[in-house]
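# Descriptive structure summary
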Amino acid sequence: MARNRVAIVGAGMTQFVRRAQETAKELAWEAASKALESCEMTLDDIDAVVIGSAPEAFDGVHMKSEYLSDGCGGWGKPVIRGYVGGGTGVFAPIQGWYHVASGLFDTVLVVCEEKMSSCQPHPQGAFLTIFDHTTERPLGPNLLWIFALEMNAYMTRYGLSKRDIALVSVKNRRNAADHPAALLGDPNITVEDVLNSEVLAWPVQRLDVSPVTDGAVAVVMAAEHVARRVTNKPVWVEGVGWCLDTAYWTNRDLSYPTYVEEAARMAYKMAGITEPRKQIHIAEPYDPFDYKELHHLEGLMLFDKGKAPEATALGITQRDGDLPVCPSGGLLGVGNPIAAAGLMKVAEIFWQLRGEAGARQVPGQPKRGVAQAWGDLMQVGTVIVLGVS
Amino acid sequence: MKEWVYDTVYLSEKDFETGRVLYETWVPNARYAWDAGIAIGRYLAELKAGRLVGVHCPSCGRVLVPPRMFCQDCFVPIDGFVPLQDTGTVVTFSLCSVRWDMVRLEHPLIPALIAIDGASPGMGILHLLGEVDPQAVRVGMRVRAVWKPPEEREGAITDIRYFKPLE
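Reading the values: the criteria
Residues numbered from 1 in each chain as written. Chains lettered and ligands numbered in written order. Predicted model: local features only at pLDDT ≥ 70, side-chain atom pairs only at ≥ 80, totals over all residues. Helix = DSSP H or I, 4+ residues; strand = E, 2+ residues; numbered from the N terminus. Rg over C-alpha atoms; globule rule 2.2 N^0.38 Å. Buried ≥ 20, exposed ≤ 12 C-beta atoms within 10 Å, placed from the backbone. Contact = placed C-beta atoms within 7 Å. Axes fitted to C-alpha atoms, helices over the stretch in contact; angles between N-to-C directions. Parallel < 35°, antiparallel > 145°, perpendicular 65-115°, else oblique. Nonpolar A, V, L, I, M, F, W, Y, C, P; charged D, E, K, R; others polar. Pairing = 2+ DSSP bridges. Expected span 1.5 Å × (residues − 1). pLDDT = per-residue confidence, 0-100.

## Remarks on the overall build of chain B
Each helix and strand in chain B was counted, giving two helices and 13 strands. In terms of overall dimensions, chain B is more spread out than a globule: its C-alpha atoms have a radius of gyration of 22 Å, far above the 15 Å expected for 167 residues. Each principal axis of the C-alpha atoms in chain B carries an extent, and together these give about 60 × 40 × 40 Å. Counting across all 167 residues of chain B, residues that qualify as buried make up 32%. Of the contacts made within chain B by residues no fewer than 6 positions apart, 51% connect residues no fewer than 24 positions apart.

Okay, structure coming up:
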């Protein structure tokens, strides 16, 4: 299949905060304007706009992308909004990629925004309607249930302890202390802090979970001939993949994310990656809960099934380890404004590969990284591979 | 990259608690009447009669629960309903101490996936456990449905109050 080469050439973001004073539209503009500024482009240089944002129930605004569009620079342009739940933040740049790879557009501005704080009394309320209205909702479920059930399935399958998993929360919150936009960076957090935090839905405790967050992130994507004109450090999209598992989630093996593996296989094939553990230098797997980072590292085939916790304990996934994982600080540390959180991971790989990650820069000049997000009813995997070689 | 982070203006929880912030609130008036559907309609009717049923796929031969009118793997219509037992095995569970709005519960709820006897391996449904010490719940535990009395049943998943240990 003939495809044009596509690069990310700029990135920008808002602070990730518990409650922004800005409206959703204003947050989108802050991120979009920073991304354009970072590559010295203006809205006139942009051919099309991709908007990523999660449930409209968060904002109480129907047709949310129309509401957001002015803040995303969508006025007078072809605009599309993609939505695959928590997977949206990585799916949006995939959409940006095929807009350009197809030859339809030379430049695309991708903006992901989430303002969760509007939803009262708690944004979990916006998630209650993901459960089946007849067979599940009468049981009074909340969102924590599915994570707790999945975490327990994962722990039981491989005989893992809470301590094995808490190490991820510690690593990511410490990493986030070096991120200038982070909500929950903490250089001094310990495993004991995580293990002693309030039990919400055992095995899930307070510090196993990422926070409710407001924020936005934007990237500029361009065809090769534009990218080379705009920057001497284009970061190429080498592969993309996405996959959806069945919505009959109570029938699946919850201990392994098969759909992430399928999405990764699609992306790796496109990128020519045959040995991901050797050919991928940094990873930003989706970490809304600490066990999810481990789950996803295994789905991305970067560790054997059930072995990501051991690698974490050995320090392999530390910023100075053999495979730095979530050097940004992840959703656990930087924050989790749903769609924006996924694109934050893509932006982190972009900055890391350009050597611009500041205090978070991983050593050894990484040449290729993978970002992944996850969502819907625990069933979608979205994967993007970026490289500079 | 610090220069590419916008200097976002943010508020503290205290700003909201002390009413220092002006905002509008709105409570949506949204009501829905859902159809149970072909397969779940039968499922509910059988629950009212005190029975659990699954469906049989003629292509892969699996017995699926919750019932569905087509097998999503084979993408063919199912060829009939199959009676199941009201016993099963705990696949995974949680001890949930909070409601969706983070209000703390006095007694934790115990949601669980329960693989139902008579269905194919791995065919679980979401339900609750009861009449059990939360600390004693284990993956692999054998459980049985505790039904509401017939006159209280209304054709709903809650016609089963919860599952309790078999022993």
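## As for the overall build of chain A
Looking only at helices and strands, chain A features 14 helices and twelve strands. Against the compact-globule benchmark of 21 Å for 389 residues, chain A has a radius of gyration of 19 Å, which places it among compact chains. The burial tally for chain A puts 65% of its 389 residues in the buried class.

## Observations regarding the packing of helix H6 (residues 162-176) of chain A against helix H11 (residues 290-299) of chain A
Residue and element names in this part refer to chain A. Packing of H6 against H11 brings their axes to within 7 Å, and their N-to-C directions diverge by 100 degrees. As judged from the angle between their axes, H6 and H11 are roughly perpendicular. Every residue of H11 that contacts H6 at Ile165, Ala166, Val168 and Ser169 is listed here: Asp290, Tyr291, Glu293 and Leu294. Counted by class, the contact of H6 with H11 contains five nonpolar, one polar and two charged residues.

## So, the sheet that holds strand E3 (residues 63-64) of chain B
Residues and elements named next belong to chain B. Taken in spatial order, the three strands make up an open sheet running E3-E2-E6, and their pairing is antiparallel. Edge positions in the sheet fall to E3 and strand E6 (81-84), since each has one partner strand and no second. Bridge count for strand E2 (residues 52-56) against E3 is two bridges, and the pairing is antiparallel. Each bridged residue has a counterpart across the sheet, and for Val55 the counterpart in E3 is Leu64.

## Points about unusual backbone geometry
All names here are of chain A. Geometrically, the link from Gln120 to Pro121 is a cis peptide bond, its omega value of -5 degrees lying close to zero. With respect to the helices and strands, the residue Pro121 is situated in the loop between strand E5 (107-115) and helix H5 (143-158). Unusually for a residue other than glycine, Met301 sits at a positive phi of about 65 degrees. Within the secondary structure, Met301 is located in the loop between H11 and helix H12 (308-313). Judged by the 18 C-beta atoms lying within 10 Å of it, Met301 falls in the partly exposed class.

## Section: the sheet that holds strand E7 (residues 87-93) of chain B
Here we have five strands laid out as an open sheet, ordered E11-E10-E7-E12-E13 (chain B), and antiparallel in their pairing. Of all strands in the sheet, those with a lone pairing partner are strand E11 (124-128) and strand E13 (160-165) of chain B, marking the two edges. Going from strand to strand, the sheet's axes swing by 45 degrees on average, the running direction of each strand aside. Sheet analysis places strand E10 (residues 111-116) of chain B next to E11 of chain B, joined by five bridges and oriented antiparallel. Paired with Leu113 of chain B across the strands is Leu126 of chain B, a residue of E11 of chain B. Running at roughly 95 degrees to E7 of chain B, H5 of chain A makes contact with E7 and E10 of chain B of the sheet.

## Here we look at the interface of chain B and chain A
Each side of the interface is counted separately: chain B has 44 residues, and chain A has 53 residues. Looking at which element gives the most residues to the side of chain B that touches chain A, the answer is E11 of chain B, with five residues. Relative to strand E8 (residues 95-98) of chain B, strand E6 (residues 199-202) of chain A is paired through two bridges, and the arrangement is antiparallel. For Ala201 of chain A, the partnering residue across the bridge sits in E8 of chain B and is Cys96 of chain B.

## Some remarks on the pairing of E8 of chain B
Residues and elements named next belong to chain B. Pairing of E8 with strand E9 (residues 104-109) involves two bridges; the strand directions are antiparallel. Bridge pairing in E9 links Val98 to Arg104. Remark: five residues form the turn of the hairpin made by E8 and E9, two consecutive strands paired antiparallel; Met102 in that turn has positive phi of roughly 70 degrees.

## A closer look at helix H1 (residues 24-38) of chain A
Residues and elements named next belong to chain A. With 15 residues, H1 should reach 21 Å at 1.5 Å per residue; the first-to-last C-alpha distance of 21 Å fits that figure. Among all positions of H1, only Ala24, Leu27, Ala28, Trp29, Glu30, Ala31, Ala32, Lys34, Ala35, Leu36 and Ser38 are buried. Where H1 is buried, its residues contact strand E1 (6-13), strand E2 (19-20), helix H2 (56-59), helix H3 (64-69), E5 and strand E8 (214-223). Just past H1, the residue Glu40 takes up positive phi, approximately 50 degrees.

## Quick look at the environment of Gly76 of chain A
In this structure, Gly76 of chain A sits in the loop between H3 and strand E4 (79-82). Residues Gly76 of chain A and Ala48 of chain A, spaced 28 residues apart in sequence, show a C-alpha to C-alpha distance of 9.3 Å.

## Regarding the packing of helix H4 (residues 88-101) of chain A against helix H14 (residues 338-353) of chain A
Residues and elements named next belong to chain A. Where H4 contacts H14, the two axes come as close as 6 Å, and the packing angle between them is 60 degrees. The orientation of H4 relative to H14 falls into the category oblique. Here H4 contributes Thr88, Gly89, Val90, Ala92 and Pro93 to the contact with H14, which in turn contributes Ile338, Ala339, Ala340, Ala341, Gly342, Leu343, Lys345 and Val346. Looking at the contact of H4 with H14, its residues break down into nine nonpolar, three polar and one charged.

## Side note on the confidence of the model for chain B
Scored by pLDDT, chain B comes out at a mean of 94, with 100% of its residues at no less than 70. Complex prediction metrics read pTM 0.95 and ipTM 0.90.

## Some words on the environment of Ala148 of chain A
Mapped onto the elements, Ala148 of chain A comes out in helix H5. C-alpha separation for the pair Ala148 of chain A and Trp374 of chain A, spaced 226 residues apart in sequence, amounts to 16 Å. Ala148 of chain A has contacts with Ala201, Trp202, Pro203 and Val204 of chain A together with Ser94 and Cys96 of chain B, leaving out every residue within four places of it along the chain.

## What to know about the pairing of E8 of chain A
Residues and elements named next belong to chain A. Counting buried residues in E8 gives ten out of ten residues, a clear majority hidden from the surface. Taking every second residue as pointing to the same face, both faces of E8 are buried, with Asp214, Ala216, Ala218, Val220 and Ala222 on one and Gly215, Val217, Val219, Met221 and Ala223 on the other. Taken together, the seven bridges between E1 and E8 define a ladder with antiparallel strand orientation. In the strand pairing of E8, Gly12 is matched with Ala218. Where E5 lies against E8, nine bridges are found, and the strand directions are antiparallel. Among the inter-strand pairings, Val111 is bridged to a residue of E8, identified as Ala218.

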